[in-house]
Amino acid sequence: LVMPLLARFEMECHERVERGDGLSADWLGSRMVELLGQAYGPAVTLDAARDGVLWAQFPHLYLNFYTYQYALGLAAATALADGVRREGESAAARYIEFLKAGDSVYPLDAWQLAGVNMTSPEPLARAHTVLGEMIDRLEALVGEGPLH
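Let me begin by describing the structure that accompanies this report.

Parameters at a glance
- Residues numbered from 1 in each chain as written.
- Predicted model: local features only at pLDDT ≥ 70, side-chain atom pairs only at ≥ 80, totals over all residues.
- Heavy atoms only, no water.
- Salt bridge = Lys/Arg side-chain N within 4 Å of Asp/Glu carboxyl O.
- Helix = DSSP H or I, 4+ residues; strand = E, 2+ residues; numbered from the N terminus.
- Buried < 20%, exposed > 50% of the residue type's maximum accessible area, 1.4 Å probe, protein only.
- Expected span 1.5 Å × (residues − 1).
- Contact = heavy atoms within 4.5 Å.

## Some thoughts on the pattern of salt bridges
Throughout the structure, instances matching the rule amount to 13 salt bridges. The salt bridge partner of R126 is D82, with a shortest N-O separation of 3.7 Å. Highlighted residues: R126 in helix α8 (residues 122-144) and D82 in helix α5 (residues 66-87), separated in sequence by 44 residues. Of the two residues, R126 and D82, both sit in the buried class. Each of D82, R85, R86, E122, R126 and E133 takes part in one network of salt bridges that share partners.

## Looking at helix α6 (residues 89-101)
In this model, α6 (13 residues) spans 19 Å end to end at C-alpha, consistent with the 18 Å of a helix rising 1.5 Å per residue. Structurally, α6 contributes buried residues whose contacts are with α5 and α7 (107-113). One or two steps after α6, the chain reaches G102, where phi turns positive at roughly 50°.

## Some details on helix α2 (residues 25-40)
When the terminal C-alpha atoms of α2 are compared, their 22 Å separation across 16 residues agrees well with the 22 Å that a helix rising 1.5 Å per residue should span. Where α2 is concerned, the buried positions are W27, L28, G29, R31, M32, V33, L35 and L36. Considering only its buried residues, α2 is in contact with α1 (2-18), α3 (48-51) and α4 (54-57). Looking at the residues trailing α2, positive phi occurs at G41, about 70°.

See the structure below:
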């Protein structure tokens, strides 16, 4: 959840600079709180003074969309792991081929060897599905436990 939010934040920072608008600590902090509020919704109470400075805690936020790459890497890894979990041996064999490729092929081609097409929205959709399943499982466990 946080990495896509940080990627969006970084994109908006770049867009402001490209338009000739400045980046002030006030704007960075208020925009960060707005995005966190959108991401977490009303269930989470944000402290603007504390949560708004998240932008200052990650210097890699401004390194050519590092967080976007991170989010896509998580989606790709989730798709790969989910494939192994659901398909078993055939997906595991593709994973081994992916590992064997190392850096001998471009990353997109390596993921393709693993059966993950990172040029499509499917891996991101699959990551959202897996996350939803985890949330459902957590809610079921909490519903049965001492917290309820």
